[in-house]
Amino acid sequence: YKEKRYYQARVKEVVEIDREEGKVDVTFELEEGYRLKVERIEVLGNKVFPDRKIRRTMKTKKRKFDEKVFQEDLERIITLYKTRGYLLVRIVDHRISYEEKEISITILIEEGPQIKMGSLTISGNELFTDEEIVHEMVLKEGMVFNELQFDKDIFQIHALYYNKGYAFARVEPTEKIDEKEERIDISLDITEGPLAYIGKIEITGNEKTKDYVIRRELAISEGEVFNYKKILRSQVLLYNLGYFKRLDTEGEEGVSFDTYPGRESD
């Protein structure tokens, strides 16, 4: 019933036991109610973004409601704010009102201050200097902090190591928010690890294309030093064959890759 938007539906079971016959009769008494539609989405406490901007971020639209999608919408709203530096934003409350034939949604937001990038401290790096690592980052001191951009910056630092063969390198950020000063200070603890080599290259999912057709296009080979750029290049070369779609109907890559520990520690 909920899948069909009958959110007020009630189900009551009545069990009658016939001990002589050894049987049980079960009756389900249904109260279906009305098929409800979202008629109103009200946003309160927002000053940074207008109501329309927040509603456009949500996948819950008028007419259709799904509890799981709505919970994800609350996370989408939080993400929207965090990309603009509002790291302390929170959904104070949300209410879903079921009326006779309508659903009304109210969301109360506490935005908090806009946080800017403060100091950056780097430790554990020997292969690259602080300057080389900072060069990979878009976020600089004094800029409005963008959580999504910060995640991309961390990935770029990883890629800096991956492209030199250090596939086991790890970058662990520690964040400290000073709400009074409206800034975030970040420490990056880097574990570089040993140089890594490519062990086996395994191919799966190819039912119509022979392995050798795929292998001859790869820019990487077994036994050589791990290189992330070459892996990405291999992915492009396989798409250029024309056999694989970049995205299927469910948004899955036609050619994806994964890594896992080999037989040897390196």
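Note that the structure is a prediction, hence the values are computed from the model and not measured.

Turning our eyes to something else, we now look at the confidence of the model for the protein chain. This prediction gives the protein chain a mean pLDDT of 91; 98% of its residues lie at or above 70. Ranking the elements of the protein chain by mean pLDDT puts strand E3 (residues 37-44) last with 90 and strand E8 (residues 183-191) first with 97.

Moving on: the pairing of strand E1 (residues 10-18). The pairing of E1 with strand E2 (residues 23-31) spans nine bridges and is classified as antiparallel. Among the inter-strand pairings, Arg10 is bridged to a residue of E2, identified as Glu31. A loop of four residues connects E1 with E2, the two strands running antiparallel in sequence, and Gly22 in this loop sits at a positive phi of about 70 degrees.

In spatial order, the strands read E3-E5-E4; together these three strands make up an open sheet with mixed pairing. The sheet terminates laterally at E3 and strand E4 (90-98), the two strands that pair on one side only. Across the sheet, the axes of successive neighbouring strands diverge by a mean angle of 15 degrees, strand direction being ignored. Strand direction decides the pairing type here: E3 and strand E5 (residues 102-110), joined by seven bridges, are parallel.

Sheet architecture is open: three strands sit in the order E6-E8-E7, paired in mixed fashion. Since the sheet does not close on itself, it has two edges, and those belong to strand E6 (116-123) and strand E7 (170-178), each with one partner. Between one strand axis and the next, the sheet turns by 20 degrees as a mean value, whatever way the strands run. Looking at chain direction, E6 and E8 are connected through six bridges and run parallel. Among the inter-strand pairings, Lys116 is bridged to a residue of E8, identified as Arg183. Strands E7 and E8 of the sheet are contacted by helix H4 (residues 147-162), whose axis makes an angle of about 155 degrees with E7.

Attention shifts here to the environment of Lys180. Position of Lys180 relative to the elements: it lies in the loop between E7 and E8. A sequence separation of 31 residues divides Lys180 from Asp211, and the C-alpha atoms of the two residues are 59 Å apart.

Turning our attention to a negative patch on the surface. Together, Glu16, Asp18, Glu20, Glu21 and Asp25 make up a negatively charged patch on the protein surface. Using a relative accessible area of 35% as the deciding quantity, one classes Asp18 as partly exposed.

For the rest of this paragraph, the subject is a nonpolar patch on the surface. Together, Tyr1, Val11, Val15, Ile17, Val24, Val26, Phe28 and Leu30 line one region of the surface with nonpolar side chains, adding up to about 790 Å² of accessible area. Counting residues per element, the ones that place at least two in the nonpolar patch are E1 and E2. Summarising the element assignment, Val24 is placed in strand E2.

Turning our attention to the packing of aromatic side chains. Counted according to the given criterion, the structure contains eleven aromatic pairs. Each ring, one from Phe49 and one from Tyr81, has its centre 4.8 Å from the other, and the planes form 80 degrees; the classification is edge-to-face. One end of the pair, Phe49, is in the loop between E3 and helix H1 (51-57); the other, Tyr81, is in helix H2 (residues 67-82), and 32 residues separate them in sequence. For Tyr81, a relative accessible area of 0% translates into the label buried. Aromatic rings pair up to connect Phe155, Tyr162, Phe226, Tyr228 and Phe257 into one cluster.

Once that is clear, we can look at the pattern of salt bridges. Inspection of every chain in the model, using the stated rule, returns eight salt bridges. The partner of Glu42 in a salt bridge is Arg40, and the shortest N-O contact between them spans 2.8 Å. By relative accessible area, Glu42 is classed as partly exposed at 30%. Here the salt bridges share partners, and the residues they tie into one network are Glu72, Asp73 and Arg76.

Here Glu182, not a glycine, exhibits a phi torsion of approximately 55 degrees, which is positive. Counting through the fold element by element, Glu182 comes out in the loop between E7 and E8. Judged by its relative accessible area of 38%, Glu182 falls in the partly exposed class.

The rules behind each value
Residues numbered from 1 in each chain as written. Predicted model: local features only at pLDDT ≥ 70, side-chain atom pairs only at ≥ 80, totals over all residues. Heavy atoms only, no water. pLDDT = per-residue confidence, 0-100. Helix = DSSP H or I, 4+ residues; strand = E, 2+ residues; numbered from the N terminus. Pairing = 2+ DSSP bridges. Axes fitted to C-alpha atoms, helices over the stretch in contact; angles between N-to-C directions. Contact = heavy atoms within 4.5 Å. Patch = residues over 30% accessible without salt bridge, like charges linked within 9 Å, V, L, I, M, F, W, Y side chains within 5 Å. Areas by Shrake-Rupley, 256 points an atom, 1.4 Å probe, with all protein chains shown as cover. Salt bridge = Lys/Arg side-chain N within 4 Å of Asp/Glu carboxyl O. Lys, Arg positive; Asp, Glu negative; His and termini not counted. Charge placed at Lys NZ, Arg CZ, Asp CG, Glu CD. Buried < 20%, exposed > 50% of the residue type's maximum accessible area, 1.4 Å probe, protein only. Phe/Tyr/Trp six-rings, centres within 6.5 Å; stacked < 30°, edge-to-face > 60°.

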